[in-house]
Amino acid sequence: MFSIHDEEKVISFLQENKIPKFRYTQIENAIYKNFVSNFDDMNTISKEVRELLKENFYFYSLTVDHIITSDNGQTTKILFKTSSWELIESVIMRHLSWRNTLCVSCQAWCPMACSFCATWKLWLQRNLTFSEIVEQIMYASEILNKEQTILRNIVYMGMGEPFLNYPNVKKSIEIACAQKKFNLANRRITVSTCWIVPWIKKFWDDFPQTSLAISIHAPNDEIRKSIMPVDHTYNLETLMQALDEYTAKTNKRIFYEYIMLNWVNDNIKLAYELWNLLKWKLAHVNFIPYNPWEWAWWIEYKATPKFLIEKFQKVLLEFWVPSTIRATMWDDIDAACWQLANKTAKEINL
Ligand code: SF4
């Protein structure tokens, strides 16, 4: 059995069975325009062809394990189970201006071992296939379609490091942006990386319009190394050099993610260091309030108080480095990426 999102497989199957090629357009319309997720509901296609498709293709290999919506209705967290029993997460974030955003996972789970993150505690099981990533997009689109709204943005900020699974991430972005499929603008996709330098050049060649977010989390190697082991391989100097090349090539603003950890990376003098690192660059900093996991007793991190995050941000704004403090839309559903899966995995002893 193959995924229905595997265009090459579907087209060659139609050819082998002497089914006219225009049927593929009908299949595509049914899936991506009408959000049909059942062969029996593809009423533009003959029953005979539907039966053949049913025997050879599937819509979903993922099954929904949990689905939780926050009290304010803005955020929905979907915990999927893969066919090999790993738990992965997606989060839908609804915005009044229709800028609905989906955060997808690209690995089950993650080997990068950032110390503030729960995902790596599950270790890496495997890379997700492109169709497993696309299924997350499909499922969220179906939910939003029922609410008579649409998906506008995708961020690759869920479980996993996108550049460690680049071929599948690439293919899923191509499907998300294909005019006859999800038809999302390239600039509405953001790939967030904790920085795997060799892949960045490939990324800017493949997707010059797609946005890039860098998990920076500290303005110097000393602190960065203590919370992000990747800094031992690609330090800040290497990082900034490659990012300068990226900006020169694409002329695109880079988003820098900075999780605020009390007494770790929130000293005000670090705000000046961060400014020094980013001054005169096309940069935008997103400060992320830390969402502590009360059940994880071995983690000592605490959230930075709001006034201190604002003070930190003020330094950057004073010196013309744009920044935002990410709204916490989801504390009541453990929706900071990774938390629900980790909690559930713990509960069921995965
Ligand atoms: S923060 Fe991202 S890269 Fe780091 S361990 Fe978590 S999922 Fe992996």
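Please read these numbers as outputs of a predicted model, since none were measured by experiment.

1. Observations concerning the nonpolar core
And step 1. If you look at the biggest cluster of nonpolar residues, it comprises 88 residues, and the most contacted ones within it are Ile-137, Ala-176 and Tyr-256.
And step 2. Among the domains, domain 1 (2–58) and domain 2 (63–347) are the pair contributing at least three residues each to this core.
And step 3. Residues contacting Ile-137, with those up to four places away along its chain left out, are Leu-102, Val-104, Ile-154, Ala-176 and Phe-182.

2. Some words on the sheet that holds strand 14 (residues 323–325)
And step 1. With mixed pairing, the 10 strands of this open sheet are ordered in space as 3-4-5-6-9-10-11-12-13-14. Strand pairing shows two members of the sheet lacking a second neighbour, strand 3 (63–69) and strand 14, which therefore form its edges. On average, adjacent strands in this sheet sit at an angle of 20° to one another, irrespective of strand direction.
And step 2. Alignment of strand 5 (residues 87–93) against strand 6 (residues 101–103), held across 3 bridges, turns out to be antiparallel. By the bridge assignment for strand 6, Val-91 is matched with Cys-103.

3. Digging into the domain arrangement of the protein
And step 1. Per the domain assignment, the segments making up the protein are domain 1 (2–58) and domain 2 (63–347).
And step 2. Spacing between the C-alpha centres of domain 1 and domain 2 amounts to 34 Å.
And step 3. Counting from both sides, the interface comprises 7 residues of domain 1 and, opposite them, 9 residues of domain 2.
And step 4. Class assignment of the residues belonging to the side of domain 1 that touches domain 2 gives a composition of 2 nonpolar, 3 polar and 2 charged.

4. Here we look at the pairing of strand 4 (residues 75–81)
And step 1. Within strand 4, 5 of the 7 residues are buried, leaving the element largely enclosed by the surrounding structure.
And step 2. Pairing of strand 3 with strand 4, which is carried by 6 bridges, proceeds in the antiparallel orientation. Bridge pairing links Thr-63 to Lys-81 in strand 4.
And step 3. As consecutive antiparallel partners, strand 3 and strand 4 are separated by 5 residues, and within that stretch Gly-73 has a phi angle of approximately 75°, a positive value.
And step 4. Counting the residues in the hairpin turn of strand 4 and strand 5 gives 5 residues, including Trp-85, whose phi is positive at 75°.

5. What about the pairing of strand 11 (residues 211–215)?
And step 1. Where burial is concerned, most of strand 11 is hidden: 4 out of the 5 residues are buried.
And step 2. The pairing of strand 10 (residues 189–193) with strand 11 spans 4 bridges and is classified as parallel. Residue pairing across strands places Val-191 opposite Leu-212, the latter belonging to strand 11.
And step 3. One crossover worth recording links strand 10 to the parallel strand 11 by way of helix 6 (residues 197–206), and it is right-handed.

6. What to know about the packing of helix 4 (residues 130–146) against helix 5 (residues 166–177)
Packed helix pairs are characterised by how far apart their axes lie and by the angle those axes make with each other.
And step 1. Where helix 4 meets helix 5, the closest approach of the two axes is 8 Å, and the angle between their N-to-C directions is 40°. Accordingly, the angle class assigned to the pair helix 4 and helix 5 is oblique. In this structure, helix 4 meets helix 5 at a crossing whose hand is right-handed. Seen from helix 4, the contacting residues are Phe-130, Ile-133, Val-134 and Ile-137; seen from helix 5, they are Asn-168, Val-169, Lys-171, Ser-172, Ile-175 and Ala-176.
And step 2. When the residues that make up the contact of helix 4 with helix 5 are grouped by side-chain class, the tally is 7 nonpolar, 2 polar and 1 charged.

7. Focus on unusual backbone geometry
And step 1. Looking along the chain, the bond that leaves Ala-108 and enters Trp-109 is cis, with omega of 10°.
And step 2. Residue placement: Trp-109 occurs in the loop between strand 7 (107–108) and strand 8 (126–127).
And step 3. Backbone geometry places His-217, a non-glycine residue, at a positive phi of 60°.
And step 4. Among the structural elements, His-217 can be located in the loop between strand 11 and helix 7 (221–227).
And step 5. The buried category is assigned to His-217, around which 23 C-beta atoms lie within 10 Å.

8. Describing helix 10 (residues 306–318)
And step 1. For helix 10, spanning 13 residues, the distance from its first C-alpha to its last is 18 Å, which sits close to the expected 18 Å at 1.5 Å a residue.
And step 2. Where helix 10 is concerned, the buried positions are Ile-309, Phe-312, Gln-313 and Leu-316. Down the axis, helix 10 shows its buried residues gathered within 95° of arc, on one side only. Of the residues in helix 10, the exposed ones pointing more than 90 degrees away from the buried face are Phe-307 and Glu-318.
And step 3. For helix 10, the secondary structure elements touched by its buried residues are strand 12 (254–260), helix 9 (268–278), strand 13 (283–289) and strand 14.

The rules behind the values
- Residues numbered from 1 in each chain as written.
- Predicted model: local features only at pLDDT ≥ 70, side-chain atom pairs only at ≥ 80, totals over all residues.
- Core = buried A, V, L, I, M, F, W, Y, C linked by C-beta atoms within 7 Å.
- Buried ≥ 20, exposed ≤ 12 C-beta atoms within 10 Å, placed from the backbone.
- Domains from an automatic or database assignment.
- Contact = placed C-beta atoms within 7 Å.
- Pairing = 2+ DSSP bridges.
- Helix = DSSP H or I, 4+ residues; strand = E, 2+ residues; numbered from the N terminus.
- Axes fitted to C-alpha atoms, helices over the stretch in contact; angles between N-to-C directions.
- Nonpolar A, V, L, I, M, F, W, Y, C, P; charged D, E, K, R; others polar.
- Right-handed = clockwise from strand over helix to strand, strands pointing away.
- Parallel < 35°, antiparallel > 145°, perpendicular 65-115°, else oblique.
- Left-handed = near helix turned anticlockwise from the far one by under 90°.
- Expected span 1.5 Å × (residues − 1).
- Arc of directions from axis to C-beta.

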